[in-house]
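Listed below, chain by chain, are the residues.
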2 protein chains.
Amino acid sequence: MGYLFKNISIITIDSNKPEVIIGDLLVEGSKISKIGTKIPKSAHKVIEGKNLLVMPGFINTHAHVSMSLLRGYGDDLELFEWLSSRIWPIESKLTKKDVYIGAKLGIAEMILSGTTTFLDMYQDMEMVGKACQEIGIRGHISRGTIYTGNEKLDHAALLQLEELIDQYHNYDDGRIKVLAGPHAIYTNNKEFLKAQLEIANRRNIGVNIHVSETEKENEDALLTLGKTPISYLDEIGLLDAPYVVASHMVYLTEEDQLIVKNKNIGIAHNPKSNLKLGSGIANIQKYRNKGINVGIGTDGAASNNNLDMLNELQYASLLQKGLNRDATALSAFETLKMATIGGAKVLNINDRVGMLKEGYDADLIMFDMNQPHFYPIENSHISKIVYSAKSSDIVLTMVKGKILMRNRDLTTIDLEKTYKEVSKIMERVYKEND
Amino acid sequence: MGYLFKNISIITIDSNKPEVIIGDLLVEGSKISKIGTKIPKSAHKVIEGKNLLVMPGFINTHAHVSMSLLRGYGDDLELFEWLSSRIWPIESKLTKKDVYIGAKLGIAEMILSGTTTFLDMYQDMEMVGKACQEIGIRGHISRGTIYTGNEKLDHAALLQLEELIDQYHNYDDGRIKVLAGPHAIYTNNKEFLKAQLEIANRRNIGVNIHVSETEKENEDALLTLGKTPISYLDEIGLLDAPYVVASHMVYLTEEDQLIVKNKNIGIAHNPKSNLKLGSGIANIQKYRNKGINVGIGTDGAASNNNLDMLNELQYASLLQKGLNRDATALSAFETLKMATIGGAKVLNINDRVGMLKEGYDADLIMFDMNQPHFYPIENSHISKIVYSAKSSDIVLTMVKGKILMRNRDLTTIDLEKTYKEVSKIMERVYKEND
């Protein structure tokens, strides 16, 4: 007995053309077992209705979900003031349990806006792993690592990464994966980066790192290292890790782009965060024209300030058109591919998610298009998903065949309880901060 | 008997500080009669609840609502191809009734996303007037006028403007206003612009015009007229009309900005449309620093592709931060002011809407903040409205004391009927287009 989506619009993404088919899709167990027409209803739970549309779930390639706790606390501030007067003082007060509650809040928001997979970086990642385990979302988790110079602390960070791998890597048939997470080149020295690379190579895991987020980062690297962040990472061998997810990548030289292409580095593009922190706009149209693989990410809620991939992919497309003064840049379909199969490639899981295809994991979302902004209903659904839709139109989110949200209700998170827990944390943290 | 909003978060916008007060707000008839605390419930209809927030409705300073009919029909195309192969062929087939149905569709979407006032430009504007009349939204309407060289047609266009004024200007105590709507300098010659200006001056109405939308428009003006569009309009006296709303204004020279400031011209900034058509990004932070008044607009749904002001104001803020590489640019509160009182100033109605204030018209919206993206609920509501909120959080839209939407249901538009009428139009138009 499975879920049968019946007579429904389907964007499979498994095509080079912007096609929407009308048909049936059957989910059995954790997999898509059949896509076709006239699949018999048998004993399946049938999901049908007028103007419904099913597509692969969104893949958020860069997040810090627990930072949901810092949403709306310090906006419109210069980056360093933001970090030193707002973010760091609060973060230093967060307990392991707080990180867990923050992850639940962030994951709730992601499921409600159609994200089925996310890549995360933060502290106390075993708590984010626990949240993924319980909630059922597909989570790729990386311990954000910063070199402190304190031998004991630095050694502990590496140990924690190994423990995180032992505990969570490949949990639930690969629904959870672990990556090494050196925060950035300016927060890690060469030896510490190499130590993390050694673990990644030995344990066969990916590396998740912030690169070229700001122009200053590039200027500093040229000044202190004599090269760009990307060529520095290349030099020390980090780009030869099993796979690398480099987030932001706003300022890549032509030579950087060549390296990124040759080493098959995946980029996590965070358009809203890059705008909001005043970092700039990455010319991902240019990168993509060179054959570089780009996915989309939200970054944390403190610098966005939401975790809504639908919102994010609309920004991605419109910004490329505006930046390149080219209305044809990054079409709706290309953008939709970036947010699904593109993200799956970046996370090295494109053999199982990112498309709707027989044998693939059933990670999918459903839109209810009975809203004024979807009319005329006759016109391109792909255009309307990218340029007109709102996350509130999403009425079903499924991961590995399990429904995590239906009709805007979460099935695995008690929201009211989470709200109360969040308020309790804020009360305590603000008090300590006084 | 009125509507009493009780123990509610209120952003009045009537303050230079980003304040959210907790209190009561009483609407009697079409006006806000009292804002305070402990207003007796008397015989009023009481609206209360946990985590509700009331603020002024959004003012959309640039729209072509009936173009909702063209949503998703021709995206990702170069501007001229878009116009000639998609927009114009369809538009030439639209009847007066089609324009009326398109207006209903667009207005439905606007009410659902918190817009209480809009400025529109299109053909057959008496049909948009009729839609506003029936639905109850505040509509400022302008007949988009293009010089044809055919004396009869051009004369008729001027007559139609006069008739539109006779029929709709100041309808329902000023809820509907009429403006002259010369489309642009490149679609009107000097004499025709002056003829429209003469009507504006004689009838004491505003002028709504597209200016400096693309770099090409400026280059062409310099080539053919020897001056920028703004200095040309200044020279022929158009900027001395009772008031002028200039939309887009992406490419203003320093001298243009001086003229705009001195002549007190209001700018309608359309960030999403300017991106989507590849026009560019207006540096409105710079304009605002010079004391120029800027409002926000959505443009038409064919070049956006929705009419969601909440979405639009988020773009406005984030783009200024990214463009100017300055995280402090266009703060959440400044952006919220632009979308409310700023827009009211642009439309010359800031003595009655754009703020919540005793004696002002009751044009307001209410958010239900019980959503993950509003948590922690303890942090700034203003930040969350601008950077995190979604239009689906809006649960009440009121214009002149009349509720047009409550709990996502429209009170004055039959949506199902409108959808059917839209489908009928598309069926016919596409057939004729074959």
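Remember, predicted model here, so these are calculated numbers, not experimental data.

A. Just the relation of the copies chain A and chain B, in detail. After a rotation of 180° and a shift along the axis of 0.0 Å, chain A superposes on chain B with an RMSD of 0.0 Å. On the angle and the small slide along the axis, the relation comes out as a two-fold axis. Taking C-alpha positions as the reference, the residue of chain A nearest the rotation axis is Ser 392 of chain A, at 3.2 Å. With an isologous cut-off of 70% or more, the 100% of interface residues of chain A that recur at the interface of chain B puts this contact in the isologous class.

B. Layout of the environment of Asp 351 of chain B. In this structure, Asp 351 of chain B sits in the loop between α13 (332–346) and β14 (364–368). Sequence separation between Asp 351 of chain B and Asp 361 of chain B is 10 residues; the distance between their C-alpha atoms is 9.3 Å.

C. Focus on the confidence of the model for chain A. In the predicted model, chain A carries a mean pLDDT of 97, and 100% of its residues have values of at least 70. Interface confidence for the predicted complex, expressed as ipTM, amounts to 0.97; the pTM equals 0.97.

D. How the structure looks around the pairing of strand β10 (residues 207–211) of chain A. Residue and element names in this part refer to chain A. A large share of β10 lies buried, amounting to five of its five residues. Burial of the side chains of β10 extends over both faces: Val 207, Ile 209 and Val 211 are buried on one face and Asn 208 and His 210 on the other. Note that β10 and strand β11 (residues 244–248) share five bridges and pair parallel. Within β11, the residue paired with Ile 209 across the bridge is Ala 246.

E. Region of interest: unusual backbone geometry. Following Tyr 375 of chain A, the chain continues to Pro 376 of chain A via a peptide bond in cis, the omega torsion being 0°. Relative to the helices and strands, Pro 376 of chain A is located in the loop between β14 (364–368) and α14 (381–387). Following Asn 304 of chain B, the chain continues to Asn 305 of chain B via a peptide bond in cis, the omega torsion being 5°. For Asn 305 of chain B, the position within the fold is in the loop between β13 (294–296) and α12 (309–323). The residue Ile 13 of chain B is not glycine, and still its phi comes out positive at about 70°. If you trace the backbone, Ile 13 of chain B turns up in the loop between β1 (3–10) and β2 (21–28). The residue Asn 170 of chain B is not glycine, and still its phi comes out positive at about 70°.

F. Main features of the interface of chain A and chain B. Tallying the contact residues gives 54 residues for chain A and 54 residues for chain B. Of all the secondary-structure elements, those providing two or more residues to the side of chain A that touches chain B are α1 (79–91), α2 (96–112), α10 (271–276), α12 (309–323), α14 and α15 (415–433) of chain A. A per-element tally of the side of chain A that touches chain B places α15 of chain A first, with five residues. Partitioning the side of chain A that touches chain B into residue classes produces 24 nonpolar, 17 polar and 13 charged.

G. Layout of the domain arrangement of chain A. All names here are of chain A. Under the domain assignment used here, chain A contains domain 1 (3–56 + 360–410) and domain 2 (58–346). Look at where the C-alpha atoms of domain 1 and domain 2 centre, and you get two points 28 Å apart. Taken together, the contacts link 21 residues of domain 1 with 25 residues of domain 2. Where the side of domain 1 that touches domain 2 is concerned, the elements lending two or more residues are α14, β15 (394–399) and β16 (402–406). A total of five residues in the side of domain 1 that touches domain 2 trace back to one element, the largest contributor, which is α14. Here the side of domain 1 that touches domain 2 is composed, by residue class, of 14 nonpolar, three polar and four charged.

H. Region of interest: the packing of α2 of chain A against α15 of chain A. Residue and element names in this part refer to chain A. Axis separation between α2 and α15 bottoms out at 10 Å; the angle between their running directions is 135°. One way to sum up the angle between α2 and α15 is to call them oblique. Between α2 and α15 lies a crossing of left-handed hand. Contacts between α2 and α15 involve Asp 98, Ile 101, Lys 104, Leu 105 and Ala 108 on the former and, on the latter, Leu 415, Thr 418, Glu 421, Val 422 and Ile 425. Partitioning the contact of α2 with α15 into residue classes produces six nonpolar, one polar and three charged.

I. Spotlight on the environment of Tyr 287 of chain B. Looking at where Tyr 287 of chain B falls in the secondary structure, it is placed in helix α11 (residues 284–289). A sequence separation of 107 residues divides Tyr 287 of chain B from Ala 180 of chain B, and the C-alpha atoms of the two residues are 25 Å apart.

J. Broad picture of the environment of Ile 205 of chain B. Looking at where Ile 205 of chain B falls in the secondary structure, it is placed in the loop between α6 (190–203) and β10 (207–211). Residues Ile 205 of chain B and Val 244 of chain B, spaced 39 residues apart in sequence, show a C-alpha to C-alpha distance of 9.2 Å.

K. Quick peek at the packing of α2 of chain A against helix α3 (residues 125–135) of chain A. Residues and elements named next belong to chain A. Where α2 meets α3, the axes come as close as 8 Å, and the angle between the chain directions of the two elements is 45°. Comparing their axes, α3 and α2 come out oblique. Note that α2 runs across α3; the crossing there is right-handed. Contacts from Lys 96, Val 99, Tyr 100, Ala 103, Lys 104 and Ile 107 of α2 reach α3 at Met 127, Val 128, Lys 130, Ala 131 and Ile 135. Across the contact of α2 with α3, the residue classes tally to eight nonpolar, no polar and three charged.

How each quantity is defined
- Residues numbered from 1 in each chain as written.
- Chains lettered and ligands numbered in written order.
- Predicted model: local features only at pLDDT ≥ 70, side-chain atom pairs only at ≥ 80, totals over all residues.
- Least-squares fit on C-alpha atoms with pLDDT ≥ 70 in both.
- Contact = placed C-beta atoms within 7 Å.
- Helix = DSSP H or I, 4+ residues; strand = E, 2+ residues; numbered from the N terminus.
- pLDDT = per-residue confidence, 0-100.
- Buried ≥ 20, exposed ≤ 12 C-beta atoms within 10 Å, placed from the backbone.
- Pairing = 2+ DSSP bridges.
- Nonpolar A, V, L, I, M, F, W, Y, C, P; charged D, E, K, R; others polar.
- Domains from an automatic or database assignment.
- Axes fitted to C-alpha atoms, helices over the stretch in contact; angles between N-to-C directions.
- Parallel < 35°, antiparallel > 145°, perpendicular 65-115°, else oblique.
- Left-handed = near helix turned anticlockwise from the far one by under 90°.

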